[in-house]
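Summary of structural features
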Amino acid sequence: EALIFNEKDVFIYKKGFLKREKYPKVATGIKPKNIEQQIFMTQIQDEDVRVAVSISKAGTGKSLIALACALEMVEQGLYDKVVVLKPTMAMSDEIVGFLPGEMREGKTYPLFENTFDALESIYNLKKSSFIKDGVKIKNDGFSIFEQLYELGKMDVKLLTHLRGCSKDRTIF
């Protein structure tokens, strides 16, 4: 498989055929800002691609694009749930172990803070909000995550806590 691209088109060579792909224009309100983001978004949304990888420096939109595409595919009914995975990070000489308490108070909250920031950006662009008991929920990233979690549409997990799990119709 090969990927060929210019400013307007992406061509994917698969199984002896050159296939022209249209760049995705938007995913859950997020528009790609450059060709690298366009290619990444195209790869995530291609059903034939099992794993899409983007390697770039911090702040280039990798998490935002991946989360926007995943949420879009859940909205379209291609998947039932988005699970954001993070590796267990060493905090000085300690490793994140047993995780008691609420996430906002817990040791894992800082690991997923960029995910909550991305959710806030996505939902503020969509001008979407959640209503609970007749009251509009605050549109900060963690509150949005809590609502998606309660609806069974999103979860966050540490890689070490995923071993042995089977997740059908879930995009990671």
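Scroll up for the structure.
In what follows, the accompanying structure is described.

Bringing the overall build of the protein chain into the picture now. Per the secondary structure count, the protein chain includes four helices and ten strands. Taken over 172 residues, the protein chain has a buried fraction of 36%. Within the protein chain, contacts between residues separated by at least 24 positions form 54% of all contacts whose residues are at least 6 apart in sequence. As presented, the protein chain carries roughly 11,300 Å² of accessible surface, and 52% of it is formed by carbon and sulfur atoms.

Now for the packing of aromatic side chains. Scanning all chains against the criterion turns up four aromatic pairs. Ring centres of Phe116 and Phe145 lie 5.4 Å apart, and the angle between their planes is 45°; this geometry places the pair in the tilted category. You can see Phe116 sitting in helix H3 (residues 113–126) and its partner Phe145 sitting in helix H4 (residues 141–150), a full 29 residues away along the chain. Phe145 matches Phe116 in its accessibility class, with the two residues each being buried. Measuring from ring centre to ring centre gives 6.0 Å for Phe142 and Phe145, while their planes differ by 45°; the resulting arrangement is tilted. You can see Phe142 and its partner Phe145 sitting in helix H4, three residues apart, about one turn around the helix. Assessed through its relative accessible area of 5%, Phe142 is described here as buried.

Attention shifts here to a nonpolar patch on the surface. Judged by side-chain polarity, Val51, Val53 and Ile55 come together as a nonpolar surface patch covering roughly 380 Å² of accessible area. The exposure class assigned to Val53 is exposed, which follows from its relative accessible area of 62%.

Another point: the sheet that holds strand E10 (residues 170–171). Across the sheet, three strands lie side by side as E9-E4-E10; this open sheet has parallel pairing. Pairing within the sheet leaves two strands with one partner each, and these edge strands are strand E9 (154–158) and E10. Both strand E4 (residues 81–86) and E10 contribute to a ladder of two bridges, which runs parallel. Note on E10: the bridge partner recorded for Lys81 is Thr170. Strands in contact with helix H2 (residues 62–75) are E4, E9 and E10; relative to E4, the strand with the most contacts, it is inclined by about 155°.

Let us look at H4. Burial within H4 is extensive, with seven of its ten residues counted as buried. Restricting attention to buried positions, one finds in H4 the residues Gly141, Phe142, Ser143, Ile144, Phe145, Gln147 and Leu148. The opening residue of H4, the one whose side-chain oxygen lies 3.1 Å from the backbone nitrogen of Phe142, is Asp140. Positive backbone phi, at 75°, marks Gly152, one or two positions downstream of H4.

Moving on: the pattern of salt bridges. Counting across every chain of the model gives two salt bridges. The shortest N-O distance in the salt bridge between Arg169 and Asp80 comes to 3.0 Å. In this pair, Arg169 is assigned in the loop between E9 and E10 and Asp80 in the loop between H2 and E4, connecting sequence segments 89 residues apart. Across the pair Asp155 and Lys157 runs a salt bridge, and its minimum N-O distance is 3.3 Å. With relative accessibility at 21%, the residue Lys157 sits in the partly exposed group.

Structurally, Thr108 can be placed in the loop between strand E6 (94–95) and H3. Residue Thr108 is classed as buried on the basis of its relative accessible area, which comes to 10%. C-alpha separation for the pair Thr108 and Leu158, spaced 50 residues apart in sequence, amounts to 8.3 Å.

Each value, and the rule that gives it
- Residues numbered from 1 in each chain as written.
- Predicted model: local features only at pLDDT ≥ 70, side-chain atom pairs only at ≥ 80, totals over all residues.
- Heavy atoms only, no water.
- Helix = DSSP H or I, 4+ residues; strand = E, 2+ residues; numbered from the N terminus.
- Buried < 20%, exposed > 50% of the residue type's maximum accessible area, 1.4 Å probe, protein only.
- Contact = heavy atoms within 4.5 Å.
- Areas by Shrake-Rupley, 256 points an atom, 1.4 Å probe, with all protein chains shown as cover.
- Phe/Tyr/Trp six-rings, centres within 6.5 Å; stacked < 30°, edge-to-face > 60°.
- Patch = residues over 30% accessible without salt bridge, like charges linked within 9 Å, V, L, I, M, F, W, Y side chains within 5 Å.
- Salt bridge = Lys/Arg side-chain N within 4 Å of Asp/Glu carboxyl O.
- Pairing = 2+ DSSP bridges.
- Axes fitted to C-alpha atoms, helices over the stretch in contact; angles between N-to-C directions.
- Polar contact = N/O pair within 3.5 Å; in protein donor to acceptor, adjacent residues only side chain to side chain.

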